[in-house]
Amino acid sequence: MKKFLTFILILFTSFYSFSSTDISLMSGKWDCSVRIEEGIFSSDFKIIDSYNIESYKFTSEGSVALKYKSTSIFEFEFQSQGTFTVEEDVFKPIFTEVDVELVSGDMLESELNKFKNDLLNSKRSYKTLKINNKERTVLDLTDNSESTCLKI
């Protein structure tokens, strides 16, 4: 379970990125949802990010659901907000508030709190590989993973 929560943290925070030269394109809402299948497990991440480039603030809300075959193990919802910095085309989110609530299934309160604290203490940073009016692709500089979001 600990490895899965770490993976969720990596995926969740990897969506917060853009280059300072493209900052005007970031304004507004982005759908960063993804479905991941790993053998008999599947995870649905529904993530909507909103950026205000004038105040350098962001919000993010959504849910994470884990299934074993077709059986739901758990689902939780989250809301977060914070500020961000951009230096030399590297984006760093600074989470100031994270709320996590179990919707269904088996998950310990300590596991939910760990996810929340991991986000609040995240040191990850990101670089934009591609951005336009419709989509953005970013690189997580910690693990070199890529992710793509679509403009809403």
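These numbers were taken from a predicted model, which means no experiment stands behind them. (Residues numbered from 1 in each chain as written. Predicted model: local features only at pLDDT ≥ 70, side-chain atom pairs only at ≥ 80, totals over all residues. Heavy atoms only, no water.)

1. Quick word on the overall build of the chain
Short version of the rule: By definition, any uninterrupted DSSP run of H or I lasting at least four residues is a helix, any uninterrupted run of E lasting at least two residues is a strand, and each is numbered from the N terminus. Only protein chains enter the accessibility calculation, which uses a 1.4 Å probe; a residue is then buried when its area is under 20% of its type maximum, exposed when over 50%, and partly exposed in between. For this analysis, residues touch if any pair of their heavy atoms sits within 4.5 Å.
Across its full length, the chain holds 3 helices and 9 strands. Buried residues in the chain amount to 41% of all 152 residues. Long-range pairs, those at least 24 residues apart, make up 54% of the contacts in the chain with a sequence separation of at least 6.

2. A look at the confidence of the model for the chain
Filter applied, for reference: Note on scores: pLDDT gives the predictor's confidence for each residue, bounded by 0 and 100.
Per-residue pLDDT for the chain has a mean of 86; in total, 86% of the residues score no lower than 70. When the criterion is pLDDT under 50, residues 13-21 qualifies, and its contacts beyond four places in sequence or with other chains add up to 51 contacts.

3. Brief notes about the pairing of strand S4 (residues 57-68)
To be explicit about the condition: At least two DSSP bridges between two strands are required for those strands to pair.
By the bridge criterion, 12 bridges tie strand S3 (residues 41-52) to S4 in an arrangement that is antiparallel. Bridging across to S4, Phe-41 finds its partner in Tyr-68. With antiparallel pairing between neighbouring strands as the criterion, S3 and S4 make up a hairpin whose turn holds 4 residues, including Tyr-56 at a positive phi of roughly 55°. Bridge count for S4 against strand S5 (residues 71-87) is 12 bridges, and the pairing is antiparallel. From the neighbouring strand, Ser-63 faces S5, where its bridge partner is Glu-77. Where S4 hands over to S5, the hairpin turn is made up of 2 residues, of which Lys-69 adopts a positive phi near 55°.

4. Remarks on the pattern of salt bridges
Let me state the cut-off plainly: What counts as a salt bridge is simple: a side-chain nitrogen of Lys or Arg found within 4 Å of a carboxyl oxygen of Asp or Glu.
Under the defined criterion, the tally for this structure stands at 6 salt bridges. Residue Glu-37 is joined to Arg-35 by a salt bridge in which the shortest nitrogen-to-oxygen separation is 3.1 Å. Close ionic contact of Glu-135 with Lys-130 constitutes a salt bridge, the shortest N to O distance being 2.5 Å. On the basis of relative accessible area, Lys-130 is assigned to the partly exposed category, the value being 38%. Here the salt bridges do not stand alone but share partners, grouping Arg-35, Glu-37 and Asp-44 into one network.

5. Describing the packing of aromatic side chains
Operational definition: Stacked, edge-to-face and tilted are the three classes for Phe, Tyr and Trp ring pairs, Trp counted by its six-membered ring, which pair at centre distances within 6.5 Å; planes under 30 degrees apart are stacked, over 60 edge-to-face, the rest tilted. Two limits define a charge over a ring: the Lys NZ or Arg CZ must be within 6 Å of the ring centre, and within 35 degrees of the ring normal.
Taken as a whole and judged by the stated rule, the model has 8 aromatic pairs. With a centroid separation of 5.0 Å and 40° between ring planes, the pair formed by Tyr-56 and Phe-84 is classed as tilted. Placement of the pair is Tyr-56 in the loop between S3 and S4 and Phe-84 in strand S5, with a sequence separation of 28 residues. Phe-84 gets classed as buried once you look at its relative accessible area, which sits at 3%. A ring pair is formed by Phe-58 and Phe-95, whose centres lie 5.3 Å apart and whose planes are at 85°; its orientation type is edge-to-face. Here Phe-58 is found in strand S4, whereas its partner Phe-95 is found in strand S6 (residues 90-105), with 37 residues between them in sequence. In this structure, Phe-58 and Phe-95 share a single accessibility class: buried. A network of ring pairs unites the aromatic residues Tyr-51, Tyr-56, Phe-84 and Phe-91 as a single cluster. Its end group placed over the ring of Trp-30, Arg-136 keeps NZ or CZ at 5.0 Å from the ring centre.

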